[in-house]
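These are the residues of each chain, in order.
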Amino acid sequence: MPPHAFPRGGVLKRTLPLVLAGLAALSAACLAGAYPAAPGDVLAVLARAAGLAVPAPADPALPTVVMELRLTRALLAYGVGAALAVAGAAFQGVLRNPLADPFTLGVSGGAAFGAALSLTLGLGAALGSTLVTPACALAGGGATLVAVLALSRLAGGLRRETVVLSGIVAATFLSALLSLVKALNEESVAGIVFWIMGGFQGKGRAELALFLPCLLLGLAGVALFLRELDILLLGERQARQLGVAAGRSRLALLGAASLLTAGAVAVSGVIGFVGLIAPHACRRLYGGEHGALVPQAALAGGALLCGADVLARVILPGGAELPVGVVTALLGGPFFCFLLLTGRGGRA
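Quick caveat: nothing in here was measured; it's all calculated off a predicted structure.

Observations regarding the overall build of the chain
Along its length, the chain carries 15 helices and zero strands. Principal-axis analysis of the C-alpha atoms places the extent of the chain at approximately 65 × 55 × 40 Å. Burial statistics for the chain: of 348 residues in total, 48% are counted as buried. Surface accessibility of the chain: about 15,600 Å² in total, with carbon and sulfur atoms responsible for 70%. Counting 23 positive and 14 negative side-chain charges, the chain places the centres of these two groups 13 Å from one another.

In structure tokens, the structure reads:
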């Protein structure tokens, strides 16, 4: 389908397929799993939860399986996908780089290092909470952002070149620290590697509660600067002429996007390509105006990651699960080959 295939004013017409794709992914997520459940029984559980007067399923354990396990996990996957997609769109706009992604500033490396320290030191077992590792990951991502922005200021201000270079320095250094942690404590290597590969196995209400404030605050921060995102694409001089404080706007957008990234990585591990695929696909279909692109990328990212999580749960026999990061990488590689071959990969 060519760019701008939908009329610019047809917001509902452009958005409805993304909404339907998200609902389909959420529905499939409620059906997928090792616990046997007929589709009609699952729909009955969802209908009763929505307040409809329908007969209860014969299996008394099914409502718990669907509502407490599958639906919660699906909502978490959808939210993480939306967060990564919006962060990707924001980074690409702020840095004027179509290949920027949510992990450009090294925030994912900081989150991974925080989680690795928690797993190595056994903080979760010592404190008796499964949220210790996600909390350490969130703290590590936040500390990395502060360090990157401070280094950028020392190197000449919050210009896109210094921000990108500072992020590369931070990511490289954190990768070395992560390798050091794994080398010094071989007992924790399996847990660290599994966490870094990304996934939602065993995640539930606690992780959703930790992630939700990051999601809402990050989305609100990006939404407040959608106009500035469009103007920043014009360059520093044009932004000043239009009355936009480029440095302040860039700082706010980077902070909001990094909060989305750190929150997502804290509850799901490192999941790549979603922050690249969703913005690129929506930009190609609907255009690059961020007022439309950002919410559409959020819907696309949520549907994409929720669907990838379903694939990760059903693709292997015997109830085994693939890491979701592996599934998104397998989807992302062919996608960018397609972009490259069709001559669209380098356009912002």
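There's more to say after this.
Some details on the nonpolar core
Among the nonpolar cores identified, the biggest contains 64 residues, and Val80, Phe91, Leu105, Phe200, Phe211, Val222 and Leu305 are the most heavily contacted of them. Sorting elements by how many residues they give to this core places helix α3 (residues 62–95) first, with 13 residues. Here Leu305 is in contact with Ala77, Val80, Gly81, Phe200, Ile271, Val274, Val324 and Thr328, once residues within four sequence places are set aside. In this structure, Ala32, Ala85, Tyr286 and Val310 belong to the second largest nonpolar core, which totals 17 residues.

Quick notes on the UniProt feature "transmembrane region" (unreviewed entry) in the chain
The positions that UniProt labels "transmembrane region" (unreviewed entry) are, in the present scheme, residues 73–91, 103–125, 131–151, 163–181, 208–230, 251–278 and 322–341. Span residues 208–230 is 91% helix and 0% strand, its end C-alpha atoms 32 Å apart.

Quick look at the state of the cysteines
Covalent bonding between the sulfur atoms of two cysteines is what defines a disulfide. In this structure the tally under the stated criterion is zero disulfides. Looking at the unpaired Cys136, the closest cysteine sulfur is the one in Cys214, lying at 14 Å. Taking the relative accessible area as the measure of exposure, Cys214 reaches 7% and is therefore buried.

Quick look at unusual backbone geometry
One non-glycine residue, Arg96, adopts positive backbone phi at about 50°. Positionally, Arg96 belongs in the loop between α3 and α4 (107–121). Phi angles above zero are rare outside glycine, and Phe273 is one such case at about 75°.

Some points on the pattern of salt bridges
Counted by the stated rule, this structure contains four salt bridges. With a shortest N-O distance of 2.7 Å, Arg205 and Glu68 are connected by a salt bridge. Taken together, the residues Arg205 in helix α9 (residues 205–223) and Glu68 in helix α3 connect sequence positions 137 residues apart. Between Arg73 and Glu321 there is a salt bridge, and its shortest N-O distance comes to 2.8 Å. Taken together, the residues span a long stretch of sequence, with Arg73 in helix α3 and Glu321 in the loop between α14 (290–314) and α15 (324–341) at a distance of 248 residues.

Details of the packing of helix α6 (residues 132–154) against helix α7 (residues 160–184)
Following both chains from N to C, one finds α6 and α7 inclined at 135°, their axes separated by 9 Å at the closest point. Taken as axis vectors, α6 and α7 run oblique relative to one another. In this structure, α6 crosses over α7, and the sense of that crossing is right-handed. Taking contact as the criterion, the partners of Thr144, Val148, Leu151 and Ser152 in α6 are, on α7, Thr162, Val163, Ser166, Gly167, Val169, Ala170 and Leu174.

Structural notes on the side chain of Ser118
In this structure, Ser118 sits in helix α4. You can call Ser118 buried: its relative accessible area is 1%. Of the polar contacts made by the side chain of Ser118, one reaches the side chain of Thr133; its length is 3.0 Å. Not counting residues within four places of it along the chain, the set of residues in contact with Ser118 comprises Leu123, Gly124, Val132, Thr133 and Cys136.

Cut-offs applied
- Residues numbered from 1 in each chain as written.
- Predicted model: local features only at pLDDT ≥ 70, side-chain atom pairs only at ≥ 80, totals over all residues.
- Heavy atoms only, no water.
- Helix = DSSP H or I, 4+ residues; strand = E, 2+ residues; numbered from the N terminus.
- Buried < 20%, exposed > 50% of the residue type's maximum accessible area, 1.4 Å probe, protein only.
- Areas by Shrake-Rupley, 256 points an atom, 1.4 Å probe, with all protein chains shown as cover.
- Lys, Arg positive; Asp, Glu negative; His and termini not counted.
- Charge placed at Lys NZ, Arg CZ, Asp CG, Glu CD.
- Core = buried A, V, L, I, M, F, W, Y, C linked by side-chain atoms within 4.5 Å.
- Contact = heavy atoms within 4.5 Å.
- UniProt positions renumbered as here; feature names shortened; annotations may be inferred.
- Disulfide = S-S within 2.5 Å.
- Salt bridge = Lys/Arg side-chain N within 4 Å of Asp/Glu carboxyl O.
- Axes fitted to C-alpha atoms, helices over the stretch in contact; angles between N-to-C directions.
- Parallel < 35°, antiparallel > 145°, perpendicular 65-115°, else oblique.
- Left-handed = near helix turned anticlockwise from the far one by under 90°.
- Polar contact = N/O pair within 3.5 Å; in protein donor to acceptor, adjacent residues only side chain to side chain.

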